[in-house]
Amino acid sequence: MNVLASSPPRPLPTKQPPGLRALLGAVAVVAVLTAVVALWWPRSSVVAVHRQPADVVYADGHSHVAVLRHVRAPIAALRLADDASVAEDHYVLVLGSDPAGAYGHMVRLDAGTATDAERLTVVWTPEGAEITYGSGHRLFVPAALFTGGR
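Figured I'd write up the structure that's included with this text. (Residues numbered from 1 in each chain as written. Predicted model: local features only at pLDDT ≥ 70, side-chain atom pairs only at ≥ 80, totals over all residues. Heavy atoms only, no water.)

1. Comments concerning the nonpolar core
What counts is decided by this rule: Residue types Ala, Val, Leu, Ile, Met, Phe, Trp, Tyr and Cys, when buried and joined through side-chain atoms within 4.5 Å, form a set referred to as a nonpolar core. Only protein chains enter the accessibility calculation, which uses a 1.4 Å probe; a residue is then buried when its area is under 20% of its type maximum, exposed when over 50%, and partly exposed in between. Comment: elements are numbered from the N terminus, with helices defined as DSSP H or I runs of at least four residues and strands as E runs of at least two. By the convention used here, residues are in contact when the closest approach between their heavy atoms is within 4.5 Å.
Counting residues in each nonpolar core, the largest one holds 18 residues, and the members touching the most others are Leu-95, Trp-124, Ile-131 and Phe-146. For this core, the secondary structure elements donating two or more residues are strand E2 (65–72), strand E3 (89–96), strand E4 (105–110), strand E5 (121–125) and strand E6 (128–132). With 3 residues, E3 is the single largest residue contributor to this core. Contacts of Phe-146, omitting those with residues within four sequence positions, involve Tyr-58, His-64, Leu-95, Gly-96, His-105, Trp-124, Gly-128, Ala-129 and Val-141.

Below, the structure written as structure tokens:
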């Protein structure tokens, strides 16, 4: 008895729709660009929080803070701009009522002043906040700039 084993029929090749390859390529490009932007997006961390003392009261009635944030902006390392103020590593002091320092009156400090920035002190007065750096440099921010929801 001669039995021939038959193999299963081969599936016919399917054709991709004409625009599918271009669509997949575009999706891949968008995914790569999104990943690059996410990796290079500036990141910040809170270094110090200086709280307004209870004996100093401002007209808006809120409690205020001065939040020192360290910002790392890796995209600036590409030096796409000739602007010297675009530093990849800097500090921001945010004065306002947000305890996280996400919004308020911002004072930028370059990373070259890192030791000064991390040793700063804030003296709260009814007129505003006096910031003193470790080097002795002083900056006064009037209360009108960080009160009233700013």
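More follows now that the structure is in view.
2. Things to note about the pattern of salt bridges
Put simply, the rule reads: Salt bridges are defined as contacts in which a side-chain nitrogen from Lys or Arg sits within 4 Å of a carboxyl oxygen from Asp or Glu.
For the coordinates displayed, the defined rule picks out 1 salt bridge. Linking Arg-138 and Glu-130 is a salt bridge whose minimum nitrogen-to-oxygen distance equals 3.7 Å. We classify Arg-138 as exposed; its relative accessible area is 63%. Among the residues examined, Glu-130 registers a relative accessible area of 29% and is labelled partly exposed.

3. Some thoughts on the sheet that holds E2
How we decide: A pair of strands counts as paired when DSSP detects no fewer than two bridges linking them. Axes here refer to lines fitted to C-alpha atoms; in helices the fit is confined to the stretch in contact. Angles between the N-to-C directions go from 0 to 180 degrees.
What the 4 strands build is an open sheet, ordered E1-E2-E3-E4; its pairing is antiparallel. The open sheet has two edge strands with one neighbour each: strand E1 (43–51) and E4. Between one strand axis and the next, the sheet turns through 20 degrees on average, direction left out of account. As defined by bridge partners, E3 adjoins E4 across 6 bridges and the pair is classed as antiparallel. In the strand pairing of E4, Val-94 is matched with Met-106.

4. So, the pairing of strand E7 (residues 138–142)
Alignment of E6 against E7, held across 5 bridges, turns out to be antiparallel. Its bridge partner being in E7, Ala-129 is matched across the sheet by Val-141. Joining the antiparallel neighbours E6 and E7 is a turn of 5 residues, in which Gly-136 adopts a positive phi near 100 degrees.

5. Observations regarding the sheet that holds E5
The pairing of strands in a sheet comes from backbone hydrogen bonds and takes either a parallel or an antiparallel form. The 3 strands are arranged E5-E6-E7 in an open sheet whose pairing can be described as antiparallel. Whereas interior strands pair on both sides, the edge strands pair on one side only; in this sheet they are E5 and E7. The average undirected angle you get between the axes of adjacent strands in this sheet is 20 degrees.

6. A closer look at the packing of aromatic side chains
Filter applied, for reference: Two rings belonging to Phe, Tyr or Trp (six-membered ring only in the last case) form a pair when the distance between their centres is within 6.5 Å. Interplanar angles under 30 degrees mark stacking, angles over 60 mark edge-to-face geometry, and anything in between is tilted.
On inspection of all chains with the given rule, the structure shows 2 aromatic pairs. Pairing Tyr-58 with Phe-146 gives two aromatic rings, centres 5.4 Å apart and planes at 85 degrees, and the pair type is edge-to-face. In this pair, Tyr-58 is assigned in the loop between E1 and E2 and Phe-146 in the segment after E7, connecting sequence segments 88 residues apart. Neither Tyr-58 nor Phe-146 differs from the other in exposure class; each is buried. Between Trp-124 and Phe-146, the aromatic rings sit 5.7 Å apart at their centres with planes inclined by 80 degrees, giving edge-to-face as the arrangement. You can see Trp-124 sitting in strand E5 and its partner Phe-146 sitting in the segment after E7, a full 22 residues away along the chain. Relative accessible area serves as the criterion here: at 1%, Phe-146 is assigned to the buried category.

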